[in-house]
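Take a look at the letters that make up each chain.
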Amino acid sequence: MQLILASSSSYRQQQLTTLRLPFNCHSPNIDETPLPNERPIDLCRRLALEKAKASSKLFKNHLIIGSDQVAQCDNSLLCKPGTTENAIAQLQQCSGKAVAFYTGIALFNSKKNTYQLDVATFTVHFRELSTLEIENYIQTEKPLQCAGAFMVEGLGITLFERLEGADHNSLIGLPLIKLCNLLRNEGINPLTPQASNLI
């Protein structure tokens, strides 16, 4: 069975590459609009699975990875800001606060029509940020396509007091520890590829 990453994100592709397993990518086209009163943890779980299932229409004998991330601050969702103005507003809202990030991870077996689904939770504690710091950060890294308006793998690390969670990879978009657990359940172990059923 071949491995498919149901994502167009270059960040997720780079993350999956670290496992040294062969894979291909497919960008699923799904509606990511939250349902009425849908909790962030339920939203990321649903979208991760929908992405994987959408890709299964083209890939009938594959293991398909779907992932989605949402953030919550002050009981409101933080989506990809898209514009500089929105990114500044998001970081101003997060300044001095704890922000919860939920990253859903799905592994869909399109041959068996079965799936595994999990969520990684990570809490980011922001420093009190000045307007100048926020504006300089946004201008430097332009994290307009990142939930929360930062990239933890870059200069974004300077925005925080501390990070709390089991897997920092989940902040980038792909919780690799949980993904490895799901892959092992399918007989695929990155440390013993010769014994896996991945070809």
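Higher on the page you've got the structure.
Conventions we followed
- Here the residue numbering is sequential within each chain, running from 1 through the sequence in written order.
- Where totals are concerned, whole chains, interfaces and linings use all residues; where local detail is concerned, this predicted model gives features only for residues with pLDDT of at least 70, and gives and counts side-chain atom pairs only at 80 or more.
- As a rule here, side-chain values come from all non-hydrogen atoms in the structure, and water together with hydrogens is ignored.
- Cavity means a closed set of points on a 1 Å grid over the protein atoms alone, one where a 1.4 Å probe fits but cannot get out, pocket means an open set with protein on both sides within 12 Å along at least 5 of 7 lines, and lining means a residue has an atom within 4 Å of a point.
- Grid points are joined across faces, edges and corners, and a volume is the space filled by probe spheres set on the points.
- Numbering of helices and strands runs from the N terminus, with a helix taken as a DSSP run of H or I at least four residues long and a strand as a DSSP run of E at least two residues long.
- Side-chain classes are defined by residue name, with Ala, Val, Leu, Ile, Met, Phe, Trp, Tyr, Cys and Pro counting as nonpolar, Asp, Glu, Lys and Arg as charged, and the others, Gly among them, as polar.
- Aromatic pairing here means that ring centres of Phe, Tyr or Trp (its six-membered ring) are within 6.5 Å. Orientation follows from the plane angle: under 30 degrees is stacked, over 60 is edge-to-face, and everything else is tilted.
- Burial here depends on accessible area, computed with a 1.4 Å probe over protein chains only, as a share of the maximum for the residue type. Under 20% is buried, over 50% is exposed, and the range in between is partly exposed.

Colleague: Explanation requested: the layout of surface pockets in the structure shown.
Modeller: Over the atoms, a rolling probe the size of a water molecule traces out where space has been left empty. Within this model, the largest pocket holds a volume of roughly 780 Å³. Residue lining of the largest pocket: 35 residues in total, with Arg12, Glu32, Asp68, Lys80 and Gln145 positioned closest to the centre. Going through the elements one at a time, α1 (10-17), α2 (40-56), β3 (62-73), β4 (76-78) and α5 (169-172) are the ones with two or more residues in the lining of the largest pocket. For the lining of the largest pocket, the residue count by class is 20 nonpolar, seven polar and eight charged.

Colleague: I would appreciate a short explanation of the packing of aromatic side chains in the present structure.
Modeller: The way to describe two aromatic rings as a pair is by their centre distance and the angle between their planes. Overall, the coordinates contain four aromatic pairs when judged by the stated rule. Pairing Phe101 with Phe150 gives two aromatic rings, centres 5.4 Å apart and planes at 75°, and the pair type is edge-to-face. One end of the pair, Phe101, is in strand β5 (residues 98-109); the other, Phe150, is in the loop between α4 (131-141) and β7 (160-165), with 49 residues separating them in the sequence. Phe150 shares its class with Phe101; the two are buried. Here the aromatic rings of Phe126 and Phe150 are separated by 5.9 Å at their centres, their planes lie at 75°, and the arrangement is edge-to-face. Within this pair, whereas Phe126 is found in strand β6 (residues 114-126), its partner Phe150 is found in the loop between α4 and β7, the two being separated by 24 residues in sequence. On the accessibility criterion, Phe126 (2% relative accessible area) is buried.

Any functional reading would require information that these geometric values do not contain.
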